[in-house]
Structure formats: C-alpha cells, structure tokens
Amino acid sequence: MNKSLKLVAGLSCALGLGLLAWSSIQIYLASEISDQASLAELQRAVRLQPLNADYWHRLGRYYFYQLQDSSQALEDFLKAAKLNPHSPRLWLDLADVYLVTGDRNLQEQALQRALASDPTTPSVLWEVANSYLAEGKTEAGLGQLKVLVDHDPESQDRVVELAWRVTHDEQMILRDVLPPRPEPQLSFVDFLFHQDEASAAAQVWTNLVSLQKPFDARLALPYLNFLIERGNGDQAERVWQDLAARDTQYSDYLPTDNLVVNPSFEYPILNAGLDWRYQVFNDIVLDTDTSEAHSGSKSLACTFNGAVSDAGIAQFVPVRPGTEYEFSSFYKIEGMEGAGGLQWAVTDPSDHSVMALSGPLTDPNGWQKVTATFKTDSETTLVLLKLLRLPQGNILRGKVWIDDVAVVQK
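These lines cover the structure that appears in this document, whether it is placed above or below. (Residues numbered from 1 in each chain as written. Predicted model: local features only at pLDDT ≥ 70, side-chain atom pairs only at ≥ 80, totals over all residues. Heavy atoms only, no water.)

Details of the nonpolar core
In a soluble, globular protein the nonpolar side chains are often hidden away together inside. In this structure, Leu 145, Phe 188, Trp 205 and Tyr 223 are the most contacted members of the largest nonpolar core, which totals 80 residues. Aside from chain neighbours lying at most four places away, what touches Tyr 223 is Val 189, Phe 193, Ala 201, Ala 202, Trp 205, Gln 235 and Val 239. Counting 33 residues, the second-largest nonpolar core is a separate cluster that includes Ala 311, Ile 313, Tyr 325 and Phe 327. (Core = buried A, V, L, I, M, F, W, Y, C linked by side-chain atoms within 4.5 Å. Buried < 20%, exposed > 50% of the residue type's maximum accessible area, 1.4 Å probe, protein only. Contact = heavy atoms within 4.5 Å.)

Structure, rendered in structure tokens:
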C-alpha cells in the first residue's frame, strides 16, 4: 500500500474513532443532564439524544407534573411513545394527561396499552385500578384490584382499604375483588374492625368460614379481642366455636353447660380468646399444679407475697341478656396471712361494674366452695370473671389453689 492510501486509511480510522467517541460523549452527557431537575438541562438532553425515548418521557413528565403544561407534555409523551411503545410508565402518564384534557377514549386506550406492556407488575395494576376508580369506572377498577391481589398477595391490605373507601360494600368486595382464600379475607376482617365496622366484619367472617378452608387460627385472635372489647359476646362465642372447629389447638377449649372454658385448668392456659387470661405481677406467682386438685389432675396455684389488688387471673364468658346465672368455684388455702382475703367478682366489662361477689376465700379446712348468683340486664352478652384481693392493695402472703370454676344458667 502506498503512502497516500495508508494516510487515507489512517484518517478514516481516526475519524471513525472520533465520531464514536463523540457519540459516546453525547450519550453520557445526555444521561447526566437528564437526571437533573431543571427544564433547560432536560431540553439539552433531548437535543443531544433525540432518539432516546426515555429523555422525551422525562421532559414530558417535567412539563406535566412540575409546570402543569398538559399540551407540551402530551407532545413530548407522544414522541416518546413513537420511539418506545412498550413502556407501561409512559402509557400511564399519557392516561393522566388524557384524564386532564378530558379525552376519555384516549385515556382508556392508554390504560389498555399500559396493561398490554406489563400485565402483572403490581405498580402498574395499582395505577390502572386507581385511574379507573377516579373516573368512576368502579367495575373496571375493582377488576384490576382483583388481578393485583392474585399476582401480589402482599398488596391485600392496601387493596381492601381502597376498595372499601370506594364502595363501602363488603359483599361487592368479596365478590369482585378478593379471591376465595382465607388470608385476604382475614385481612379484610382486620381492616373492618379497625374501622369499627362490626356488622361488615361479621359478614366477611361468615363468608370466610363458609370457604371451608384451613387457616392459622391465631390470625383471627385480634378480631376476637375486638369483639370482646366491644362486649359482643354473641359474635365472640361464634368466632371461638369456628376456630375450635378448624384448629385442634382450640378444640378442647369449648364451653359446655358450664360456660367457663378450661374450668379445671387441665389444659395449658392460652392467655387468649375465651380461655383464661393472666397478668404477671411481681408479688404473685401463677402456675398449674398437679400436687393438688379438687377434680381431675390439676388446679391453678396462686402464691402471694406482697401488696396486691387482684390475682391476675380472669376469663371473659359469653352470656345471654336478661338471664340468671350461678357462679361457683372450689379453693384450698395454705398459710394465708393478711387482712381480708380473696373473692371472685363477676363484672360487666363495658363499664367495669361489679355484678356479683363470691364469699371470701378464707376457710383453711381443705377444699371449700364459694358461690354467687347474678342476672344480666337486657343488653349484656359478656361478663368477666376475676379473682380480686379485698381490701385491694393490702399485703397478702400465702398460697391458694383454684379448681372447678363454673358459670351455669339457673
């Protein structure tokens, strides 16, 4: 090759490398500039890389969301869509522009293009659903929320919140949004009782139980506690029975003619639901004991060594309004010292009023029985049994065993 040809080849190669380098520099500069917030720098980015759909998209977003210039934003978004028609985010932004400009047909088309570009990503489904619901297209919006829950179970909390805010119709949400699985419906129950929508929560619970599908019963305990706090003994009893029917852990904790659950402490204390509840105090030790029992093989041993107001043991018992009941319990004491003693109280949990007191637990001669009678008023469906220290706050030392606690209708 003569010197002239070599020179031409060298210059061509150098020119090609130079153009490649300049192109790379343009891409780099455009990328850096597009990450800036100013309008001028975004405009410079699209001048440097006019075939980059992302830069036109970012410029359109600046016009629309920062400057509220929907006309210029639409122009830039359409340029981006022509360069890259497969960006769901771009089609969602176009749908927002068409919503503002009032072009409902083009908005619908943009939403459908967003779904066609990415039919399963949760963020896309969420925004499409919100767009439909904002337009008043409830059926279409709920349909997208249903797809969202199917593809992303973790979204169920925000889905039920949005669906309820739009419809306030638990049956519609069960039918059109939530899949027939216990977990999302439990999430709905949880949401409703936190909104103090007791009637709707009960309807959803009934639907959940009708599914006849297993679930972790512990997930329903917050709902049960809500019912107890509201004094709704009827529904609390129903939920407790439903849990016992589906979870063997609770099958031994059902009332009989004796409405007290686990009355002889033969089973572990659950400290939940309608079983015994206990509190831990510095001067009281509570434990089940196999060395003493009035019947069966166990009793509850309560050891006191200080100033106490109650024994820290209690149970909520569903009852019927306007009905008379008899309470009874057996006890045995050892080395008890202190003025007064212990007494069982039947209280109304709604206002903490005392409905009945048993006799004092003071007889040291083996196993003894105490009783009390009470009648519920026309609205009471739940009472609380509680072992009190009377006089409250006084020093008490010694030990008492409790067994065979009962509440029966007279």
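Regarding the packing of aromatic side chains
Taken as a whole and judged by the stated rule, the model has 13 aromatic pairs. Arranged with centres 5.0 Å apart and planes meeting at 25 degrees, the rings of Phe 265 and Trp 276 form a pair that is stacked. Linking Phe 265 in the loop between helix 14 (233-246) and strand 1 (277-278) with Trp 276 in the loop between helix 14 and strand 1, this pair joins segments that are 11 residues apart in sequence. The burial state of Phe 265 is the same as that of Trp 276; both residues are buried. Note on Tyr 325 and Phe 374: the rings are 5.5 Å apart at their centroids and 20 degrees apart in plane angle, and the pair reads as stacked. Here Tyr 325, found in strand 5 (residues 324-337), pairs with Phe 374, found in strand 8 (residues 368-375); they are 49 residues apart in sequence, far enough to count as distant. Following the ring pairs from residue to residue traces out a cluster consisting of Phe 193, Trp 205, Phe 215, Tyr 223 and Phe 226. One cation-aromatic arrangement involves Arg 158 over Trp 126; the distance from NZ or CZ to the ring centre is 4.3 Å. (Phe/Tyr/Trp six-rings, centres within 6.5 Å; stacked < 30°, edge-to-face > 60°. Helix = DSSP H or I, 4+ residues; strand = E, 2+ residues; numbered from the N terminus. Lys NZ or Arg CZ within 6 Å of the ring centre and 35° of its normal.)

Describing the environment of Glu 139
Take Glu 139: it is sitting in helix 8 (residues 138-151). The spatial distance from the C-alpha of Glu 139 to the C-alpha of Val 177 is 9.7 Å, given a sequence separation of 38 residues.

Observations concerning the sheet that holds strand 6 (residues 341-348)
Pairing is antiparallel in the open sheet, where five strands are placed in the order 1-4-9-6-7. The open sheet has two free edges, formed respectively by strand 1 and strand 7 (353-357), since each of these has just one partner strand. In this sheet, strand 9 (residues 382-390) lies alongside strand 6 in antiparallel orientation, the contact comprising seven bridges. Note on strand 9: the bridge partner recorded for Gly 341 is Leu 390. (Pairing = 2+ DSSP bridges.)

A word on the sheet that holds strand 5
Pairing in this open sheet of five strands is antiparallel, and the strands run 2-3-10-5-8 from one edge to the other. Edge strands, defined here as strands with exactly one partner in the open sheet, are strand 2 (284-289) and strand 8. Across the sheet, the mean angle from the axis of one strand to that of its neighbour is 25 degrees, orientation sign disregarded. Bridge count for strand 2 against strand 3 (residues 299-307) is six bridges, and the pairing is antiparallel. (Axes fitted to C-alpha atoms, helices over the stretch in contact; angles between N-to-C directions.)

With respect to unusual backbone geometry
Following Leu 390, the chain continues into Pro 391 via a peptide bond in cis, with omega recorded as 0 degrees. Relative to the helices and strands, Pro 391 resides in the loop between strand 9 and strand 10 (395-409). Despite not being glycine, Asp 196 has its phi angle at roughly 60 degrees, a positive value. Take Asp 196: it is sitting in the loop between helix 11 (182-194) and helix 12 (198-210). You will see that Asn 271, though not glycine, has its phi angle at about 55 degrees, which is positive. Along the chain, the position of Asn 271 falls in the loop between helix 14 and strand 1. Classification of Asn 271 as partly exposed rests on a relative accessible area of 30%.

Observations regarding the packing of helix 5 (residues 88-101) against helix 7 (residues 122-135)
Between helix 5 and helix 7, whose axes approach to 11 Å, the crossing angle comes to 10 degrees. One element, helix 5, and the other, helix 7, form an angle in the roughly parallel class. Taking contact as the criterion, the partners of Pro 88, Arg 89, Leu 92, Asp 96 and Leu 99 in helix 5 are, on helix 7, Val 124, Glu 127, Val 128, Ser 131 and Glu 135. For the contact of helix 5 with helix 7, the residue count by class is five nonpolar, one polar and four charged. (Parallel < 35°, antiparallel > 145°, perpendicular 65-115°, else oblique. Nonpolar A, V, L, I, M, F, W, Y, C, P; charged D, E, K, R; others polar.)

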